[in-house]
Amino acid sequence: MTSVLRLQAPAKLNLYLRVIGRRPDGYHELETLFERIDLADLLTFAPQASGITLACDDLSAVPGTAQAGPGLSCGEDNLVTRAAHLLRRACGVTQGAAIHLTKRIPIAAGLGGGSSDAATTLVGLNQLWNTRRSVSQLCELAAQVGSDVPFFLHQHPFAIGRGRGERCELLPGPLPTLWHVVVTPPVHLSTPEIYAGFDEHKSVLTDVPPSITMTVHALRNGPALAGLAKGLYNDLEPAAIRRCPVIGDIRALLLEGACQGALTSGSGPSVFGLCQDRSHAEQVAHAIRRRGASAWAVHIVRTEAGGVTSGVGEGDDDAR
Ligand code: C5P
């Protein structure tokens with residue numbers, strides 16, 4: 001019998017993202033608060049004698065709308081393929097794998113879908129090939145694939161990311177389950193361009209940002225969302241809105257729908273609203289679907305507490 005491994009790859013939101021400075025390597029030093037959410041891609045891994053093959057189904061686009069961005073590539077540039085080759089080389093593996101990706105997370109949308117797929121590939125192939133790499137060993141490989149990839153190796157709902165975003169501090173529980181509406185307009189924003197837009201205008205930023213400590217403290221205070229709403233912050237949001245003003249319109253619509261707060265995730269273009277509970281999120285989503293453009297993807301999501309990406313433990317234990 002051929003064993004096929006099926007794993008889900010959850011998306012993320014950034015509840016907080018502050019750019020501390022520009023680094024000599026061109027990246028930016030960050031302080032960010034990641035939240036894992038239950039909108040997820042699905043990956044399957046099957047053994048094959050040699051070579052890495054990737055097949056994809058894209059279910060992420062809103063039916064009847066054209067893809068704005070580069071679309072989904074199943075080639076060598078897909079982060080899944082890059083992660084697979086990296087692990088294979090690092091471990092001297094000779095066998096191959098047939099990987100299938102079902103894409104549900106909007107592509108290049110600030111939700112970390114590609115990074116999560118890459119992290120899940122490292123976990124899945126570590127198991128399929130029995131390469132027995134620890135989480136911290138996988139984190140080193142993950143950071144070579146992308147700044148957000150290490151976060152997804154941890155089955156953990158909230159983490160602070162530092163450095164490029166790759167150095168993760170997991171927040172111990174108990175922590176609340178949050179409900180959100182996530183809206184993604186069909187526009188493509190280039191992450192390097194959004195960072196460049198931030199650099200260009202940073203001298204005119206006048207607001208004093210909240211500290212990440214305050215945001216984490218508000219998160220710990222559980223169901224009182226007003227405090228957390230005040231702590232939502234993203235240094236990249238003004239640059240994303242300058243590039244794509246509809247992001248500002250979506251944010252305003254979410255706040256009009258009585259969301260406690262609303263923020264662009266990562267470098268955009270997705271915007272999320274902070275809702276009281278599931279039924280509030282359903283009401284907000286309904287209002288946005290009625291009043292917004294039909295091409296916007298609207299998802300109701302909540303914090304993913306763990307267990308979606310199976311196969312990873314914490315610490316330095318064997319990651320299987
Ligand atoms: O690491 P990742 O490949 O996701 O980054 C994509 C791009 O985003 C980088 O090439 C860089 O331009 C920008 N970036 C940055 N600082 C970070 C993370 C990303 O400038 N901390």
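Above this text is the structure in question.
What counts, and where the lines are drawn
- Residues numbered from 1 in each chain as written.
- Predicted model: local features only at pLDDT ≥ 70, side-chain atom pairs only at ≥ 80, totals over all residues.
- Heavy atoms only, no water.
- Helix = DSSP H or I, 4+ residues; strand = E, 2+ residues; numbered from the N terminus.
- Rg over C-alpha atoms; globule rule 2.2 N^0.38 Å.
- Buried < 20%, exposed > 50% of the residue type's maximum accessible area, 1.4 Å probe, protein only.
- Areas by Shrake-Rupley, 256 points an atom, 1.4 Å probe, with all protein chains shown as cover.
- Lys, Arg positive; Asp, Glu negative; His and termini not counted.
- Charge placed at Lys NZ, Arg CZ, Asp CG, Glu CD.
- Near = heavy atom within 4 Å.
- Polar contact = N/O pair within 3.5 Å; in protein donor to acceptor, adjacent residues only side chain to side chain.
- Nonpolar A, V, L, I, M, F, W, Y, C, P; charged D, E, K, R; others polar.
- Domains from an automatic or database assignment.
- Pairing = 2+ DSSP bridges.
- Axes fitted to C-alpha atoms, helices over the stretch in contact; angles between N-to-C directions.
- Salt bridge = Lys/Arg side-chain N within 4 Å of Asp/Glu carboxyl O.
- Disulfide = S-S within 2.5 Å.
- Phe/Tyr/Trp six-rings, centres within 6.5 Å; stacked < 30°, edge-to-face > 60°.
- Lys NZ or Arg CZ within 6 Å of the ring centre and 35° of its normal.

**Student:** How should I be thinking about the overall build of the protein chain in this particular structure?
**Tutor:** The helix and strand tally for the protein chain stands at nine helices and eleven strands. A compact globule built from 320 residues should have a C-alpha radius of gyration of about 20 Å, and the protein chain, at 19 Å, falls within 12% of that. By its C-alpha atoms, the protein chain is 55 × 40 × 40 Å across when sized along the principal axes. Per-residue burial for the protein chain yields a buried fraction of 53% across its 320 residues. When the accessible surface of the protein chain is summed, it comes to about 13600 Å², and 50% of that surface belongs to carbon and sulfur atoms. Here the protein chain holds 28 positive side-chain charges and 30 negative ones, and the gap between their average locations is 1 Å.

**Student:** Looking at this model, I keep getting lost on the site of the ligand. Mind explaining?
**Tutor:** In the region of the ligand, the neighbouring residues are Gly 26, Tyr 27, His 28, Leu 30, Gly 146, Ser 147, Arg 164, Thr 191, Pro 192 and Tyr 195. Here an oxygen atom of the ligand sits 2.7 Å away from a polar atom, N or O, in the side chain of His 28. For the ligand, the protein covers 73% of the area, taking 450 Å² as the surface of the free molecule. Every element with two or more residues in the shell around the ligand is listed here: β2 (28–48) and α4 (191–201). Examining the composition of the shell around the ligand, we find that three residues originate from one element, α4, more than from any other. Tallied by class, residues from the shell around the ligand come to four nonpolar, five polar and one charged. In terms of domain composition, the shell around the ligand takes at least three residues from each of domain 1 (3–172) and domain 2 (179–302).

**Student:** How do you make sense of the sheet that holds strand β9 (residues 261–264) when you look at a structure like this?
**Tutor:** Backbone-to-backbone hydrogen bonds pair the strands of a sheet. The strands run either parallel or antiparallel. The four strands are arranged β9-β10-β7-β11 in an open sheet whose pairing can be described as antiparallel. One side of each edge strand has no neighbouring strand; the edge strands of this open sheet are β9 and β11 (297–302). Averaged over all pairs of adjacent strands, the angle between their axes in this sheet comes to 20°, without regard to strand direction. Taken together, the four bridges between β9 and strand β10 (residues 271–275) define a ladder with antiparallel strand orientation.

**Student:** What is the right way to look at the pattern of salt bridges in this model?
**Tutor:** Once the charged atoms of two side chains with opposite charge are near each other, the side chains can pair. This structure, assessed with the given rule, holds twelve salt bridges. Close ionic contact of Arg 18 with Glu 31 constitutes a salt bridge, the shortest N to O distance being 4.0 Å. Within this pair, whereas Arg 18 is found in strand β1 (residues 5–22), its partner Glu 31 is found in strand β2, the two being separated by 13 residues in sequence. Its relative accessible area of 17% is what places Glu 31 among the buried residues.

**Student:** Is there a simple way to explain the state of the cysteines in this structure?
**Tutor:** A covalent bond between the sulfur atoms of two cysteines is referred to as a disulfide. Under the counting rule described, the total for this entry stands at one disulfide. A sulfur-sulfur distance of 2.2 Å marks the disulfide that ties Cys 56 to Cys 74. Linking Cys 56 in strand β3 (residues 52–58) with Cys 74 in the loop between β3 and α1 (79–91), this pair joins segments that are 18 residues apart in sequence. With relative accessibility at 21%, the residue Cys 56 sits in the partly exposed group. Here Cys 168 is not cross-linked by a disulfide; its sulfur's nearest cysteine counterpart is in Cys 139, at 6.8 Å. Cys 259 takes part in no disulfide bond, and the closest cysteine sulfur to it belongs to Cys 275, at a distance of 3.9 Å.

**Student:** Help me understand the packing of aromatic side chains, please; the structure alone is not making it clear to me.
**Tutor:** Each aromatic ring pair is summarised here by two numbers: the centre-to-centre distance and the angle between the ring planes. With the rule as written, the count across this model stands at three aromatic pairs. Pairing Tyr 16 with Tyr 233 gives two aromatic rings, centres 5.9 Å apart and planes at 45°, and the pair type is tilted. Taken together, the residues Tyr 16 in strand β1 and Tyr 233 in strand β8 (residues 233–234) connect sequence positions 217 residues apart. Here Tyr 16 and Tyr 233 have matching classes, each one buried. Centroid distance Phe 151 to Phe 152: 5.2 Å. Interplanar angle 65°. Geometry classified as edge-to-face. Like Phe 151, the residue Phe 152 is buried in the burial classification. Taken together through their ring pairs, the aromatic side chains of Phe 34, Phe 151 and Phe 152 make up a single cluster. Seen from the ring of Tyr 27, Arg 164 lies directly overhead, with NZ or CZ sitting 4.9 Å from the centre.

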